[in-house]
Each structure stands twice: as C-alpha cells, then as structure tokens.
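# Commentary on secondary and tertiary structure
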Amino acid sequence: MAFLEVNNYHKKFGDNEVLKGISFSLEKGQVLAIIGSSGGGKTTLLRCLNFLEMPDEGKLVLGGEPLFDAAGGKKPSDAQIREKRLHFGLVFQQFNLFPQYTVFKNITLAQSLLAKQALRDKKADLAAVYKKAPKGEKKRLKAEQKQILSQLRANTKQRIEARAEELLARIGLTDKKNAYPYELSGGQQQRVAIARALALDPDILCFDEPTSALDPELTGEVLKVIKGLKSAESTMIVVTHEMGFAKNVADRVIFIADGVIEEEGTPEEVFSRPKSEKTRAFLQKSLEEVF
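Notes on the structure follow. Predicted model, so just to flag it, every value in this text is computed and none were measured.

### Quick look at the sheet that holds strand 3 (residues 31-35)
Across the sheet, 6 strands lie side by side as 6-7-8-3-9-10; this open sheet has mixed pairing. Of all the strands in the sheet, just strand 6 (88-91) and strand 10 (260-265) have a single pairing partner and so form its edges. This sheet shows a mean twist of 20° between the axes of neighbouring strands, independent of strand direction. Across 4 bridges, the pairing between strand 6 and strand 7 (residues 204-208) is parallel. Residue pairing across strands places Phe-88 opposite Ile-204, the latter belonging to strand 7.

Rendered as structure tokens:
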C-alpha cells in the first residue's frame with residue numbers, strides 16, 4: 001500500500017471545474033514534482049491536499065488511514081480540519097512570514113500555540129481529578145498537579161526551542177535567529193518558511209512554486225535546501241517550474257493540464273519519453289531556457 005493515495009479529486013469554483021478527477025499515489029520518502037502551465041490546477045490540488053480547500057469529490061488515504069472521503073457526505077468540523085492539516089506542511093510562493101516576529105519565533109510559533117492548547121487540555125484533565133478527590137487529599141494533589149504542569153511546560157519549551165535550533169542549523173541560518181524578515185534576502189526568507197513548515201514534523205511537506213518569487217541567483221540556495229531534505233528521507237510534493245530540479249531530484253513527475261493528469265511517470269519517462277502531445281509541447285517550451 002502506498003503511503004499517500006489520492007483518488008478522483010474534483011474541485012469547482014462556481015462553474016469553473018479546476019480539478020477533474022485527479023488520482024495518484026506516493027511512497028514514503030519519495031519526492032513528487034508536479035509541473036504544468038499556470039491555471040492547470042496545480043496550486044488548487046496542493047490546497048486541497050492541505051485542507052485549505054475541500055474537494056467536491058474524492059478520497060485521500062495517508063499511511064493507511066482515510067483522512068478525507070467526500071462520499072461520506074459529512075463535512076469535517078473546523079477542529080477536525082485543523083487536525084488533518086497537521087499531516088501536511090505547506091511552503092508558499094510568497095514566504096508568508098510574520099513580519100513582527102523574529103526568525104526564531106516564526107519557526108516556533110505554531111508549535112507553541114499547539115503546546116498551549118495541549119497544556120490547557122492537561123489542566124482540564126487534572127482539574128477533573130482534583131474535583132473528585134477526597135477533601136483530605138486535595139492539598140497534596142494540588143501541589144503535585146502544579147509540579148506536573150510546571151515540568152510539562154518546561155519540557156515542552158525546551159523541546160520546541162531545541163527543534164528550532166536544529167532546523168536553523170539545517171537551513172544554514174543559525175546566525176539569523178534574532179533577525180526580522182525584512183532583514184533577510186528572499187532566499188533566506190524562503191528557507192525560514194521551509195524550517196517553519198518542518199517544525200511541525202508533517203508526514204508530507206508540500207511546496208507551491210517555492211522559487212517563483214526569487215531572483216535567479218537566490219533560486220539555487222532554496223533548491224539546495226529542498227534537495228537536502230530528500231536525503232533526510234522526507235516525503236515531498238513540489239509544484240515547480242524548475243524543470244532541472246524536477247528532472248534531477250524528483251522520484252515521480254506529474255504533468256497536469258486543464259485539471260487532469262496528462263502524464264505521469266519517472267523523470268526519465270516524462271522528460272525523455274513523453275507519450276502525450278501536450279506534454280511534449282509543454283516541455284519543448286519550458287526546457288528551451290533550462291538546457
């Protein structure tokens with residue numbers, strides 16, 4: 001069984017059907033590159049995978065666990081959507097860093113918010129235990145629970161900060177931890193965005209044209225980081241216009257045109273032996289500037 005299975009995804013916006021039955025699978029540790037012209041449905045597919053949009057039809061299975069099935073007819077609650085979204089990390093085209101926060105806080109913010117919610121849940125559980133305890137045990141129990149919460153808070157803070165330091169080292173920006181986004185180059189900002197997505201340890205890391213907002217000289221540094229993640233056995237889906245990256249780094253390539261998968265296969269199959277005329281025309285146009 002594949003790690004990720006996407007079956008028959010459809011998505012409409014009004015009368016405009018953007019996705020017209022997208023199906024594919026991905027093994028754990030593989031890199032999937034999605035290529036295609038603008039308006040073909042690539043970004044919409046990523047947004048549906050990340051539950052930023054809800055497909056009108058289709059089914060998604062991750063690690064053998066059904067995460068979405070439109071046939072069920074019941075829309076997931078907001079809380080369920082937030083939980084499902086944690087399985088996927090998404091790096092946007094435009095970085096979307098919080099300008100008022102330092103690099104370090106941008107990376108740790110989501111983890112810290114989740115930790116605060118977990119702490120509130122733990123406090124509620126302990127309060128229920130305290131309420132049911134005999135009167136003579138309450139003083140001792142209150143002191144024990146205070147110690148438990150204090151230790152949990154300290155351990156969580158240490159874990160979050162250690163993870164952020166590890167990620168900063170991985171992206172080569174340890175010396176920028178206290179800098180603000182405006183003090184960074186575009187390539188550095190995108191590397192911070194990648195670290196922020198990784199901080200939540202998603203099952204699958206998704207990139208939506210991660211170099212499209214960068215100058216050519218900054219593109220290489222971001223692609224180098226993404227390539228390095230492959231060696232760390234991260235499972236990734238990368239929407240990209242960088243044909244060289246797709247050809248040399250991806251394990252699988254999908255060419256999407258007009259809301260359908262026009263071509264799918266290994267980089268060798270798609271780039272060297274394309275079956276579709278649409279694929280050949282797209283590659284001929286795209287590769288003129290790359291090779």
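### Side note on the packing of helix 3 (residues 103-132) against helix 4 (residues 138-170)
The N-to-C vectors of helix 3 and helix 4 enclose an angle of 165°; their axes lie 10 Å apart at closest approach. By the angle between their directions, the pair helix 3 and helix 4 is classed as roughly antiparallel. The chirality of how helix 3 crosses helix 4 is right-handed. The class makeup of the residues in the contact of helix 3 with helix 4 is 17 nonpolar, 5 polar and 10 charged.

### What to know about the state of the cysteines
Tallied over the full model, the rule gives 0 disulfides. You can see Cys-48 has no disulfide; the closest cysteine sulfur is in Cys-206, sitting 12 Å from it. Cys-48 gets classed as buried once you look at its relative accessible area, which sits at 0%. On the accessibility criterion, Cys-206 (0% relative accessible area) is buried.

### Brief notes about the nonpolar core
In this structure, Ile-35, Ile-107, Ile-194, Leu-205, Phe-207, Ile-226 and Met-236 are the most contacted members of the largest nonpolar core, which totals 46 residues. Among all residues touching Ile-194, those that are not within four sequence positions of it are Val-91, Phe-207, Val-222, Val-225, Ile-226 and Leu-229. By size, the runner-up hydrophobic cluster in this structure holds 30 residues, among which are Leu-46, Phe-51, Phe-88 and Ile-204.

### Focus: helix 5 (residues 186-198)
For helix 5, spanning 13 residues, the distance from its first C-alpha to its last is 19 Å, which sits close to the expected 18 Å at 1.5 Å a residue. Judged by how many residues are buried, helix 5 sits mostly within the fold: 13 of 13 residues are covered.

### Description of the packing of helix 3 against helix 5
Two quantities define a packed helix pair, namely the angle between the helix axes and the distance between the axes. Interhelical geometry of helix 3 versus helix 5 gives an angle of 25° and a closest axis separation of 8 Å. With respect to each other, helix 3 and helix 5 are oriented roughly parallel. When the axes of helix 3 and helix 5 are compared, the crossing they make is right-handed. Residues Val-103, Asn-106 and Ile-107 of helix 3 lie in contact with helix 5, whose contacting residues are Val-192, Ala-195 and Arg-196.

### Focus on the sheet that holds strand 4 (residues 57-62)
With antiparallel pairing, 4 strands are arranged side by side in an open sheet as 2-1-4-5. Lying at the two open borders of the sheet, with one neighbouring strand each, are strand 2 (16-26) and strand 5 (65-69). Recorded for the sheet is a direction-independent mean angle of 20° between the axes of neighbouring strands. Pairing between strand 1 (residues 4-13) and strand 4: 5 bridges, direction antiparallel. Residue Asn-7 lies in a different strand from strand 4, and its bridge partner there is Lys-59.

### What to know about the pairing of strand 10
Pairing geometry for strand 9 (residues 252-257) and strand 10, over 5 bridges, is antiparallel. Residue pairing for strand 10: Phe-255 is matched across the bridge by Glu-263. The antiparallel hairpin formed by strand 9 and strand 10 contains 2 residues in its connecting segment, where Asp-258 sits at a positive phi of about 55°.

How each quantity is defined
Residues numbered from 1 in each chain as written. Predicted model: local features only at pLDDT ≥ 70, side-chain atom pairs only at ≥ 80, totals over all residues. Heavy atoms only, no water. Pairing = 2+ DSSP bridges. Helix = DSSP H or I, 4+ residues; strand = E, 2+ residues; numbered from the N terminus. Axes fitted to C-alpha atoms, helices over the stretch in contact; angles between N-to-C directions. Parallel < 35°, antiparallel > 145°, perpendicular 65-115°, else oblique. Left-handed = near helix turned anticlockwise from the far one by under 90°. Nonpolar A, V, L, I, M, F, W, Y, C, P; charged D, E, K, R; others polar. Disulfide = S-S within 2.5 Å. Buried < 20%, exposed > 50% of the residue type's maximum accessible area, 1.4 Å probe, protein only. Core = buried A, V, L, I, M, F, W, Y, C linked by side-chain atoms within 4.5 Å. Contact = heavy atoms within 4.5 Å. Expected span 1.5 Å × (residues − 1).

Note that all results are geometric; they support no functional claim without further evidence.
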